[in-house]
Protein chains: 2
Amino acid sequence: MKCLYLTPNRQNITGENMSEFSEWFHKILEEAEIIDVRYPIKGMHVWLPQGFKIRKNILNILRKILDEDHEELLFPLLIPEDELEKEAIHVKGFEDEVYWVTHGGLTELNKKLALRPTSETAMYPMFSLWVRSHGDLPLRFYQIVNTFRYETKHTRPLIRVREITTFKEAHTIHSTKEDAEKQVQKALEIYKRFFDKLGIPYVITRRPPWDKFPGAEYTIAFDTLLPDGKTLQIGTVHNLGQTFAKTFDITYETPEGEHEYVYQTCYGVSDRIIASVVGVHGDKSGLCLPPNVAPHQIVIVPIIFKEDAEEVLEFCQELTDPLKTDGNLRVHLDSRDIRAGKKFYEWEMRGVPLRLEVGPRDIKHKNVVVFRRDKLEKETIAIEKKFIDAIKFILDSINQDMKDKAWESFNRNIKSVETVDEALESLSKHRGIISFNWCGEESCGKDLEEKVRVDILGIQKEDENIGVCINCGHKATFKTLLAKTY
Amino acid sequence: MKCLYLTPNRQNITGENMSEFSEWFHKILEEAEIIDVRYPIKGMHVWLPQGFKIRKNILNILRKILDEDHEELLFPLLIPEDELEKEAIHVKGFEDEVYWVTHGGLTELNKKLALRPTSETAMYPMFSLWVRSHGDLPLRFYQIVNTFRYETKHTRPLIRVREITTFKEAHTIHSTKEDAEKQVQKALEIYKRFFDKLGIPYVITRRPPWDKFPGAEYTIAFDTLLPDGKTLQIGTVHNLGQTFAKTFDITYETPEGEHEYVYQTCYGVSDRIIASVVGVHGDKSGLCLPPNVAPHQIVIVPIIFKEDAEEVLEFCQELTDPLKTDGNLRVHLDSRDIRAGKKFYEWEMRGVPLRLEVGPRDIKHKNVVVFRRDKLEKETIAIEKKFIDAIKFILDSINQDMKDKAWESFNRNIKSVETVDEALESLSKHRGIISFNWCGEESCGKDLEEKVRVDILGIQKEDENIGVCINCGHKATFKTLLAKTY
């Protein structure tokens with residue numbers, strides 16, 4: 001690893017106040033060399049090598065889960081104007097945000113080409129050619145690509161960008177409504193497994209109708225909570241019904257020889273999955289990465305005194321190799337000729353989960369000092385036959401403990417309220433998620449949003465026996481969440 | 001694997017004449033479900049799941065080699081007009097080919113944005129910020145991205161496209177001219193190792209000055225030969241000298257505190273690496289994939305008679321599992337309820353390197369019939385303790401034999417000529433690469449290109465003692481190649 005652009009007067013992040021989350025977030029992205037925001041287009045950034053590795057590890061986890069029963073493919077970036085505009089509701093949702101290619105070289109194109117904001121209108125004309133018979137279904141595809149949104153709101157790295165570099169979109173095709181419904185449930189399970197691997201807590205809600213994906217029957221979303229108390233939407237699952245099937249004429253032949261429209265779902269995550277790993281787990285010392293995604297899971301720092309240098313380095317190398325080869329772990333031996341303390345600071349800031357410190361005394365006693373980044377605690381463990389297993393056990397514990405800690409903090413920040421006043425009071429005191437009873441009426445919901453001046457995330461649970469709506473006083477049937485959102 | 005869009009009246013590729021390479025190539029891309037060319041924009045195609053897997057395996061090989069001493073990163077797709085146009089020679093080479101984004105939503109952008117045709121002008125302004133001191137150098141980066149060229153020539157899938165979906169570009173930065181020169185040599189070694197893994201033969205030449213990369217001091221290229229006798233450029237290495245460093249002000253501080261411009265190289269490969277694997281190894285039976293890149297390295301086909309079905313399937317499963325887990329091989333058990341002959345045809349067409357056939361008699365004798373796709377030959381081998389090793393040995397042999405066969409055919413198609421007439425005669429009789437002696441003068445080279453109506457690929461070797469130039473009769477110093485090119 002090379003420090004690309006550390007400047008001498010860089011401030012120490014340790015001194016900062018975590019409540020200034022936005023500033024912390026920008027600083028850690030820079031200091032841990034995750035992305036470089038100085039690219040000369042607003043909302044478009046460079047993934048630096050360290051950030052790219054975190055992104056790659058996260059995507060590997062996602063791919064492994066999806067590859068169980070999805071097929072990865074890759075569609076072109078550009079979408080012809082007439083295809084993009086075929087589905088009226090859909091295009092209305094995106095028309096203000098689409099980047100348009102109008103020229104090739106010095107020639108004006110006959111037909112404008114859109115940079116995909118999402119790929120329904122790129123894929124579905126092809127699905128119409130691909131789907132023939134009921135025997136072909138279901139089909140489950142995904143791709144991981146860059147998409148583009150001409151955001152007019154304030155942009156934020158990894159959170160609100162104009163080039164989404166890491167857009168995972170899955171698209172599935174089914175012969176029945178029930179099968180599509182089942183796929184929605186499967187997609188929820190997929191994302192649960194995925195976020196659990198990242199240790200990211202979430203609430204799952206059905207978005208209110210005025211906030212669903214343009215063209216979908218309904219949208220179910222995952223939201224997490226960043227340290228400033230604002231929720232971040234990190235995944236969405238859409239039941240598309242037959243809307244797009246009818247627009248793009250995607251039909252299949254039934255066993256009886258009839259032609260029927262298919263049912264479709266799609267679900268996606270974006271760069272925000274990486275933002276959430278950075279934001280949820282980070283602390284005053286900087287980045288804190290779960291071993292599942294850390295570029296280096298372990299860094300080995302030799303504690304060298306002049307006379308022992310060679311022996312210590314050799315010992316460290318002998319410690320490194322089996323962890324890599326037999327343990328299949330991502331291990332880095334930091335043999336740079338700088339002070340150990342500087343190394344400690346740097347690797348803590350970069351979030352390496354486990355640091356092994358080895359000095360002459362440790363060699364003598366066949367010990368190693370193990371420092372856990374998540375707890376900022378040290379212990380000494382013996383280098384014996386089961387050493388690799390012991391280290392793996394600690395790494396597993398770190399994954400688990402980080403997840404538990406994140407969930408605890410998350411759950412602490414969900415408050416139940418009985419009245420609008422209580423909601424307002426709670427919003428003024430703490431920033432987090434508020435749970436309340438709602439009648440489900442759109443007019444009432446929008447009225448409430450105006451009163452509390454934050455968004456309804458969505459419906460968490462339907463229940464006939466929860467009492468009355470906190471806003472209109474009519475019968476409530478929905479356990480609902482609201483929060484200040486990104 | 002699912003046959004996405006096989007139609008009943010699809011023609012059998014086996015009956016075709018390989019000399020009609022172009023037709024064969026298009027057909028096999030379709031039939032083996034590598035890409036779908038029916039996407040509604042000329043020169044932009046869909047990677048289908050099977051093709052995507054081949055592409056992924058090829059990229060894994062490439063990444064593994066590059067990751068030894070390069071760092072992967074990811075730059076934005078869009079380049080502001082003023083950055084793209086900063087380097088005059090460079091932009092001149094691309095100005096007819098650049099796609100321009102002019103609108104975001106309904107708003108005209110203040111500054112046009114180019115879809116990257118290549119990323120020098122995206123990366124180098126940032127390099128100017130990153131590079132500080134001699135201690136930072138060398139730096140070696142790469143990214144694998146999509147790039148765009150508004151091709152006015154006839155497009156061909158994977159060969160001449162408007163969206164290059166698989167553009168691997170490496171960019172390196174050095175403090176001295178010598179170090180940059182060394183990197184050029186290292187890049188050649190990298191590509192040799194890479195193409196050797198794919199079994200793709202190549203010639204390496206220094207492109208004539210009128211054919212170098214816009215802005216480079218010189219360009220060295222890899223060309224292979226497709227079955228129609230036309231060469232395909234599959235990799236290029238550019239020594240950029242200080243041209244871009246001066247344009248983008250990329251300097252470093254020397255140990256003496258002076259500020260000096262850096263030296264740069266860049267090198268790239270594209271979708272053509274996949275085109276070459278398809279084109280070079282394919283035969284009348286369809287695709288033929290080296291085990292190194294095949295999505296399935298082995299397919300197991302049970303030979304089932306009704307009464308033995310269960311036993312055979314169970315045996316096949318027991319054969320599959322250890323090959324996957326202990327052997328770490330990509331194995332597919334084809335248990336579909338269709339005729340074995342249909343399976344044979346399909347997997348041969350899709351190029352699976354090794355087929356294991358298992359029937360009741362094989363189970364009884366503890367044998368398995370092994371079919372090699374490259375030689376279209378069968379042998380019977382015993383299922384014993386070293387079975388996995390035996391299979392791995394065969395797969396290694398296939399990699400080696402396919403590479404040897406490709407090189408033999410390639411070398412047979414390089415002809416040496418002494419005169420222009422001989423060159424013309426040779427070009428009319430066989431189509432391949434022609435080797436000749438050249439004086440090195442640009443006017444003479446261009447004159448020769450006009451006479452023979454094919455391109456000079458480049459200089460293979462400098463040698464003072466090779467005689468006279470076949471065109472002008474003056475002293476020749478360059479062993480040079482020419483060929484009809486893609």
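Residues numbered from 1 in each chain as written. Chains lettered and ligands numbered in written order. Predicted model: local features only at pLDDT ≥ 70, side-chain atom pairs only at ≥ 80, totals over all residues. Heavy atoms only, no water.

1. Some remarks on the packing of helix H2 (residues 49-66) of chain A against helix H6 (residues 177-198) of chain A
All names here are of chain A.
At step 1: Viewed as axis vectors pointing N to C, H2 and H6 meet at an angle of 150°, and their least axial separation amounts to 10 Å. It follows that H2 is roughly antiparallel to H6 by the angle criterion. For H2 against H6, the interelement crossing comes out right-handed. On H6, the residues touching Ile58, Ile61, Leu62, Ile65 and Leu66 of H2 are Ile190, Arg193, Phe194, Lys197 and Leu198. (Axes fitted to C-alpha atoms, helices over the stretch in contact; angles between N-to-C directions. Helix = DSSP H or I, 4+ residues; strand = E, 2+ residues; numbered from the N terminus. Parallel < 35°, antiparallel > 145°, perpendicular 65-115°, else oblique. Left-handed = near helix turned anticlockwise from the far one by under 90°. Contact = heavy atoms within 4.5 Å.)

2. A look at helix H14 (residues 442-452) of chain A
Because the α-helix completes a turn every 3.6 residues, residues three or four places apart line up on one side.
Residue and element names in this part refer to chain A.
At step 1: Of the residues making up H14, those classed as buried are Cys444, Gly445, Leu448, Glu449 and Val452. Looking down the long axis of H14, one finds its buried residues gathered within 140° of arc, a one-sided arrangement. Away from the buried face of H14 by more than 90 degrees, exposed residues Ser443 and Glu450 are located.
At step 2: Immediately beyond the C-terminal end of H14, within one or two residues, lies arginine 453, with a positive phi of roughly 55°. (Buried < 20%, exposed > 50% of the residue type's maximum accessible area, 1.4 Å probe, protein only. Arc of directions from axis to C-beta.)

3. Side note on helix H10 (residues 340-349) of chain B
All names here are of chain B.
At step 1: Among the residues making up H10, those that are buried are Lys343, Phe344, Glu346, Trp347, Glu348 and Met349.
At step 2: Contacts made by the buried residues of H10 are with helix H1 (21-31), strand S15 (298-302), strand S16 (331-333), strand S17 (354-358), strand S18 (367-372) and strand S19 (377-382).
At step 3: Just downstream of H10 lies glycine 351, where phi reads positive at about 80°.

4. Considering the pattern of salt bridges
At step 1: Enumeration over the complete set of coordinates arrives at 58 salt bridges over all chains.
At step 2: Here glutamate 81 of chain A and lysine 112 of chain A are joined by a salt bridge, their closest N and O atoms 3.8 Å apart. With glutamate 81 of chain A in helix H3 (residues 81-84) and lysine 112 of chain A in strand S6 (residues 107-115), the pair connects residues that are 31 residues apart, well separated along the chain.
At step 3: Notably, a salt bridge pairs glutamate 346 of chain B with arginine 350 of chain B, separated by 3.9 Å at the nearest N-O pair. Take glutamate 346 of chain B and arginine 350 of chain B: they sit in the same class, and that class is buried.
At step 4: Connected through salt bridges with shared partners, the residues Glu33, Asp334, Arg336, Lys343, Glu346 and Arg350 of chain A form a single ionic network. (Salt bridge = Lys/Arg side-chain N within 4 Å of Asp/Glu carboxyl O.)

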